Amino acid sequence: MVESREGRLLAHGALMTDICEAVYMLTMIIPVGSATTYSSIARVLGVHPRIVARCLSLNRDPILVPCHRVVYSNGGLGGYTPGGVGVKRRLLEVEGVVFQGNRVKKECLIDIHSLLHGLDRLKH
């Protein structure tokens, strides 16, 4: 089970399906025109970034869960199954993400924890 503690989601001891569900939910809140990193999602869940990548590689609904918005910490695109990395880049460009060479510009990268904190403030 994934639990919330001190503003973080903890997935230690959780089933892979539970972790993937949490990864998908976090991926769905990434705004159009932005990207985040595998590491950013992993920090929120308390798991390794490779677990996040594995979950996204299992994504069966890339329309609903926009896994193309998750990139390496250095802005590199990483892997992308449906159509390859070229499709991932094109999807990001269409959504307004800016590149510098083969990397997403830092200005387009968001931190999921900060995004969640901002959403939490909107509720109060």
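Our structure is the block above this text.
Residues numbered from 1 in each chain as written. Predicted model: local features only at pLDDT ≥ 70, side-chain atom pairs only at ≥ 80, totals over all residues. Heavy atoms only, no water.

### Describing the side chain of threonine 37
The test is simple: To qualify as a helix, a DSSP run of H or I must reach at least 4 residues; to qualify as a strand, a run of E must reach at least 2; elements of each kind are numbered from the N terminus. Think of it in three bands: with a 1.4 Å probe and only protein chains considered, a residue is buried below 20% of the maximum accessible area for its type, exposed above 50%, and partly exposed in between. A 3.5 Å cut-off defines polar contacts: any pair of N or O atoms within that distance qualifies, except that in protein one atom must be a possible hydrogen donor and the other a possible acceptor, and neighbouring residues in sequence count only when both atoms are side-chain atoms. Pairs of residues are marked as contacts when any of their non-hydrogen atoms sit within 4.5 Å.
Residue placement: threonine 37 occurs in strand β3 (residues 36-37). With a relative accessible area of 9%, threonine 37 lands in the buried category. Within polar-contact distance, the side chain of threonine 37 engages the backbone nitrogen of serine 40 at 2.9 Å. In contact with threonine 37, not counting residues within four places along its chain, are Val70, Val71, Tyr72, Ser73 and Leu109.

### Overview of the packing of helix α1 (residues 16-28) against helix α2 (residues 38-45)
The criterion, for reference: Under this scheme, a helix contributes an axis fitted over its contacting stretch, all axes are lines through C-alpha atoms, and angles between N-to-C directions fall in the 0 to 180 degree range. Our angle categories are set so that under 35 degrees counts as roughly parallel, over 145 as roughly antiparallel, 65 to 115 as roughly perpendicular, and the remainder as oblique. A clockwise turn of the near helix away from the far one marks a right-handed crossing, whereas an anticlockwise turn of less than a right angle marks a left-handed crossing. Each residue is assigned to one of three groups, with Ala, Val, Leu, Ile, Met, Phe, Trp, Tyr, Cys and Pro labelled nonpolar, Asp, Glu, Lys and Arg labelled charged, and all others, Gly among them, labelled polar.
Put simply, α1 and α2 touch, their axes get as near as 11 Å, and they point 125 degrees apart. On the basis of their axis angle, the class for α1 and α2 is oblique. Of the two possible hands of crossing, α1 and α2 adopt the one that is right-handed. Between α1, through Ile19, Ala22, Val23, Leu26 and Thr27, and α2, the contact on the second element is made entirely by Ile41, Val44 and Leu45. Of the residues in the contact of α1 with α2, the class split is seven nonpolar, one polar and no charged.

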